[in-house]
Amino acid sequence: MKLQDGLRDKVQILVIGDVIVDKYVFGKTNRISPEAPIPILDVLNVDSRLGGAGNVALNLKKLDRDCKVHLLGVVGNDISGNWVKDNSQELDISSFFISTKDMETNTKTRFIDESHLLRVDNSPVNAEYDISESIELAFNNIKWDMVIISDYDFGVLHKRSIDHIMSLAKCPVIVDPKYKNFWLYNNVYCLKPNRKELTQALYQRIGKSMVDTYDLDYSLQSLTNELIERNKADHVIVTDGSNGMLWYDRSKHTITPEYTKIDAIDVTLKDVTGAGDTVISTLGYCLAKGYSFEQSINYSNVAAAKSVTQIGCGYVEFRDIETTEVKYNEEALEWHRRELENIQV
């Protein structure tokens, strides 16, 4: 399928959030330890990859190597932090990194045979980093087509930094939230929680007893109704694994909210690690290019399906999904083009 007239050839996207090093220890288990009833992993290979907000940035570069990607986050002044900087440079990801001696670089180590055996995390607890100078630098004389916030609750995002970003952003801001800051992301262009994150956030806001009155197997729309009454995002996407996604478009809200259900694509599942990052990065990329929201969310669904067929964080090239048949809404396409033009003046 050819790109529509009027789509941008190149886009510039800023990713802000918690940078993580995803380390994978691959091996074989053929023995049980004599010390405890646990398998012994004979290590064959060790691989490190950008994770968290770094994985969102990496997904963008995998989608389109000509996409100008910038990453703002915090790393430790240590070996892993230096690796993040060097690897980002090798991948042509520009960075606004803050290095601090007060933390070790956030690292998740996964031990894998044919499937995951164990994950060991080395992550900050109750941290809150001052990233105000980097935010000012990132928005100084740079015209972004899209800002993606990837919040993993590790201290880069908090009320001060979120308010600062929103005050300076002159383009759409889309957010993949976690629990701690969930209700701080009001009036963003798109909020994309998964079902678990939404349920946890509603526990906090309206009470566990009320949320538990819903049948959690069938009540995603009911839960999303509670969200849109308390958050004014233009769009909400709630992902629900193999059950697909639920999309709410505020512009279509009349007397009652309308939802679009996007069914998951049936694939052979190998690993769901990073699937949410794939969705938010593909969505942000497509919207920045000028695709309608309907086109963008369908492309995101296809990309997520392809990513979970790979071990570890899976990656997709846009050329591999742009030929996939999706439903088009030309009216929405024109509307979104006009909106992007208006908000980027």
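To keep things clear, this report deals only with the structure shown in the data block. Just so it is clear, the structure is predicted and the values come from calculations on it, not from any experiment. (Residues numbered from 1 in each chain as written. Predicted model: local features only at pLDDT ≥ 70, side-chain atom pairs only at ≥ 80, totals over all residues. Heavy atoms only, no water.)

A word on the environment of E226
Stage number 1. Relative to the helices and strands, E226 is located in helix 7 (residues 220-228).
Stage number 2. The class for E226 is buried, based on a relative accessible area of 12%.
Stage number 3. Separated by 28 residues in the primary sequence, E226 and L198 have C-alpha atoms spaced 9.7 Å apart. (Helix = DSSP H or I, 4+ residues; strand = E, 2+ residues; numbered from the N terminus. Buried < 20%, exposed > 50% of the residue type's maximum accessible area, 1.4 Å probe, protein only.)

Points about the sheet that holds strand 3 (residues 39-52)
Sheet strands associate in pairs through backbone hydrogen bonding, adopting either a parallel or an antiparallel arrangement.
Stage number 1. Sheet architecture is open: four strands sit in the order 3-2-6-7, paired in mixed fashion. Because the sheet does not close on itself, it has two edges, and the strands there are strand 3 and strand 7 (116-122). Ignoring strand direction, the axes of neighbouring strands in this sheet form an average angle of 20 degrees.
Stage number 2. Both strand 6 (residues 107-112) and strand 7 contribute to a ladder of six bridges, which runs antiparallel. Each residue of the ladder has a partner; that of I112, found in strand 7, is H116.
Stage number 3. Along the sheet, helix 1 (residues 53-63) makes contact with strand 2 (19-32) and strand 3, crossing strand 3 at roughly 75 degrees. (Pairing = 2+ DSSP bridges. Axes fitted to C-alpha atoms, helices over the stretch in contact; angles between N-to-C directions. Contact = heavy atoms within 4.5 Å.)

Notes on the packing of aromatic side chains
Stage number 1. In this structure the tally under the stated criterion is nine aromatic pairs.
Stage number 2. Ring centres of F182 and W183 lie 5.1 Å apart, and the angle between their planes is 65 degrees; this geometry places the pair in the edge-to-face category. Of the two residues, F182 and W183, neither departs from the other in class, the shared state being buried.
Stage number 3. On the numbers, 5.3 Å between centres and 15 degrees between planes, the contact of W247 with F293 is stacked. Highlighted residues: W247 in strand 12 (residues 245-249) and F293 in helix 9 (residues 293-307), separated in sequence by 46 residues. One exposure class covers both W247 and F293, and it is buried.
Stage number 4. A connected cluster of aromatic rings, assembled from ring pairs, spans Y285, Y291, Y299 and F318.
Stage number 5. The ring centre of Y24 lies 4.6 Å from the NZ or CZ of R49, which sits over that ring.
Stage number 6. Above the plane of the ring of Y152 lies K178, whose end atom (NZ or CZ) is 4.4 Å from the centre. (Phe/Tyr/Trp six-rings, centres within 6.5 Å; stacked < 30°, edge-to-face > 60°. Lys NZ or Arg CZ within 6 Å of the ring centre and 35° of its normal.)

Structural notes on the nonpolar core
Stage number 1. Counting 45 residues, the largest nonpolar core has I13, V15 and I148 as its most contacted members.
Stage number 2. The next biggest cluster of nonpolar side chains, apart from the first, holds 42 residues, and it includes F96, V147, V236 and Y259. (Core = buried A, V, L, I, M, F, W, Y, C linked by side-chain atoms within 4.5 Å.)

Comments concerning the pattern of salt bridges
Stage number 1. Within this structure, the stated rule accounts for 14 salt bridges.
Stage number 2. A salt bridge links D145 to R8; the nearest nitrogen and oxygen atoms lie 3.6 Å apart. A residue pair is termed long-range when its members are at least 10 positions apart, and D145 in the loop between helix 3 (132-139) and strand 8 (146-150) and R8 in the segment before strand 1 (12-17) qualify at 137 residues.
Stage number 3. Notably, a salt bridge pairs R119 with D121, separated by 2.7 Å at the nearest N-O pair.
Stage number 4. Residue classification places R119 among the partly exposed residues on the basis of a relative accessible area of 44%.
Stage number 5. Taken together, the shared-partner salt bridges in this structure form one network comprising E226, E229 and R230. (Salt bridge = Lys/Arg side-chain N within 4 Å of Asp/Glu carboxyl O.)

Some thoughts on the pairing of strand 9 (residues 173-176)
Looking down a regular strand, the side chains alternate between one sheet face and the other.
Stage number 1. Residue alternation in strand 9 divides its side chains into two sets, V173 and V175 and I174 and D176, and both sets are buried.
Stage number 2. In this structure, strand 8 lies alongside strand 9, joined through four bridges in parallel fashion. In the sheet register, V147 faces strand 9, and the bridge partner there is V173.
Stage number 3. Relative to strand 10 (residues 190-191), strand 9 is paired through two bridges, and the arrangement is parallel. Opposite I174, over in strand 10, you have C190 as the bridge partner.

As for the packing of helix 1 against helix 8 (residues 275-289)
Stage number 1. Relative to each other, helix 1 and helix 8 sit at 55 degrees, their axes nearing to 9 Å. Comparing the axis directions of helix 1 and helix 8 gives the class oblique. For the element pair helix 1 and helix 8, the recorded crossing hand is right-handed. Residue-level inspection shows N55, V56, N59, L60 and L63 of helix 1 in contact with helix 8, the latter providing D277, T278, I280, S281, T282 and Y285.
Stage number 2. Partitioned by chemical class, the residues of the contact of helix 1 with helix 8 number five nonpolar, five polar and one charged. (Parallel < 35°, antiparallel > 145°, perpendicular 65-115°, else oblique. Left-handed = near helix turned anticlockwise from the far one by under 90°. Nonpolar A, V, L, I, M, F, W, Y, C, P; charged D, E, K, R; others polar.)

Some details on the sheet that holds strand 1
Stage number 1. Across the sheet, nine strands lie side by side as 5-4-1-8-9-10-11-12-13; this open sheet has mixed pairing. Strands at the two margins of the open sheet, each flanked by one partner only, are strand 5 (93-100) and strand 13 (259-262).
Stage number 2. Those strands touched by helix 2 (residues 79-90) are strand 4 (68-76) and strand 5, and its axis lies near 165 degrees from that of strand 5.

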